[in-house]
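Survey of secondary and tertiary structure
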Amino acid sequence: MVGSSYSGVAAISIALLLLQNANALSITESSRAQTARSRLSEAFRSPSKKLTLHPEIVLPEPSDPTALLLRASEVSKLSEVLRTRAKANAVFVEGTVDALAPMGKEQEDARGNFPGPIPIVYSLTDTSDLSNSLEKLQTVDGVEGVLLSFFGGKEIDSVDAYLEEAKNSAITEMCSAIWDAGLQPIPELVLTPGSEWSEEDVERLVDAVKDTCGGLDPVSIVFTNGEVAKSEEESNEEEGDEDSTPELSIPASISKRLAFIGSIRTSAGGGRMNQATSQLSSDKFNGAFLRADCVPGYRLNPDLNVVGGFWSAAIGDLKSLKSKNFSFRSKVKLEKDIPMEWFNYQKDVMDSGALGKTGGGADPSLNPDAGDYKGF
């Protein structure tokens, strides 16, 4: 009789423990969050299996009242350029939520038109103020996700290193709050340059991220390579960066669960961006996160008109079938040669000395008057 009672109590205790664990890991999406997942999934994946392209925009904080008044108009124009001319698939935005609002409005106003709106992903830089940020983001149209850099951007070189970092993190609660706000959390993992990730490692890592997020797969994971320490001489070289893109062996079974987005930080010019996107595509990534670092001198001159012009030219070049050959020569003389215009702009910036010492100038084999140019 006593043994039977003890067994009954033990069974109830185990059942309650299992129920508690299930509740702790069970996260349900609101209808708004499900809509955001659908829109982001469509933006991150191409039906033709081509690499989707997502530029990063850093919205500057004006230093005087006049610039503050003009910012809304400039942000709105930039939003339209990214949607209609650059034809980006989605856009990642860093800055204050107030600065983001005009872009969200412009995108939402385009719903039902062609080209339609592109999803906005807000890059969260201050996780300590997550609650306040989410409250404000819920009032901004067009925002579908929040980029969350796991472990404060600390590099990981193995699944075990990830699990160790995840032990004492508050990421599960943050992801839950983002989903509750009707948005999608998008984890960013910073990988140690040169680290090796087999298909088995990637599968274990994705499962670990799912557990960290609370038992629900995120719509996407952004993989970024950590920065490699270089000497000043190496930094000024024009050769492509070998460690500029993450290298993963992505199994087909996992890529069906979520989108794999790879970061590109290489500076534009000489076909380097083309080379990086080609590498991501060959590694079976779904999309490329084109960081603001790609824009020459963006920290010195955060002019949104210049930024919009750059992304229009760069994304158009990256999507062009002709740019598969990184040193191709175009004999088609366009009425308005946008890549050539950007080449001339780059040359003016380099000649001014704003970017430090430069090499021997443009490739002498190119004939700009005949429409020749190098890809981005």
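Just so you know, these numbers come straight off a predicted model, no measurement behind them. (Residues numbered from 1 in each chain as written. Predicted model: local features only at pLDDT ≥ 70, side-chain atom pairs only at ≥ 80, totals over all residues. Heavy atoms only, no water.)

Helices and strands together make up the secondary structure of the chain, namely 13 helices and eight strands. Split into buried and exposed, the 376 residues of the chain put 44% on the buried side. In the chain, of all internal contacts separated by at least 6 residues, the share reaching a separation of at least 24 is 79%. Accessible area for the chain stands at about 19,100 Å²; split by element, carbon and sulfur atoms hold 50% of it. (Helix = DSSP H or I, 4+ residues; strand = E, 2+ residues; numbered from the N terminus. Buried < 20%, exposed > 50% of the residue type's maximum accessible area, 1.4 Å probe, protein only. Contact = heavy atoms within 4.5 Å. Areas by Shrake-Rupley, 256 points an atom, 1.4 Å probe, with all protein chains shown as cover.)

Looking now at the side chain of Asn286. Considering the arrangement of structural elements, one finds Asn286 in the loop between helix H11 (272-282) and strand S8 (287-290). Of the polar contacts made by the side chain of Asn286, one reaches the backbone nitrogen of Phe260; its length is 2.7 Å. In contact with Asn286, other than residues within four places in its own chain, are Phe44, Arg45, Lys50, Leu51, Thr52, Leu258, Ala259 and Phe260. (Polar contact = N/O pair within 3.5 Å; in protein donor to acceptor, adjacent residues only side chain to side chain.)

What follows deals with the side chain of Ser195. Topologically, Ser195 is positioned in the loop between strand S5 (184-191) and helix H8 (199-212). Classification of Ser195 as buried rests on a relative accessible area of 16%.

Read once around its circumference, the closed barrel built from eight strands follows the order S1-S2-S3-S4-S5-S6-S7-S8, with strand pairing classed as parallel. Neighbour-to-neighbour, the strand axes of this sheet turn through a mean angle of 25°, independent of strand direction. Sheet topology places strand S2 (residues 91-94) next to strand S3 (residues 120-123); three bridges connect them, and they run parallel. Note on S3: the bridge partner recorded for Phe92 is Val121. (Pairing = 2+ DSSP bridges. Axes fitted to C-alpha atoms, helices over the stretch in contact; angles between N-to-C directions.)

We now examine the packing of helix H6 (residues 159-166) against H8. Where H6 meets H8, the axes come as close as 10 Å, and the angle between the chain directions of the two elements is 10°. Relative to H8, the element H6 is oriented roughly parallel. Between H6 and H8, the residues in contact are Val159, Asp160, Tyr162, Leu163 and Ala166 and Asp201, Arg204, Leu205, Ala208, Val209 and Thr212, respectively. Of the residues assigned to the contact of H6 with H8, the class counts are seven nonpolar, one polar and three charged. (Parallel < 35°, antiparallel > 145°, perpendicular 65-115°, else oblique. Nonpolar A, V, L, I, M, F, W, Y, C, P; charged D, E, K, R; others polar.)

Our next topic: the confidence of the model for the chain. Mean pLDDT over the chain stands at 82; residues scoring 70 or higher make up 74%. Note that residues 230-240 has pLDDT below 50 and, in this model, seven contacts with residues that lie over four places away or in other chains. Of the regions scoring below 50 in pLDDT, residues 323-336 engages in 30 contacts with residues more than four places distant in sequence or in other chains. (pLDDT = per-residue confidence, 0-100.)

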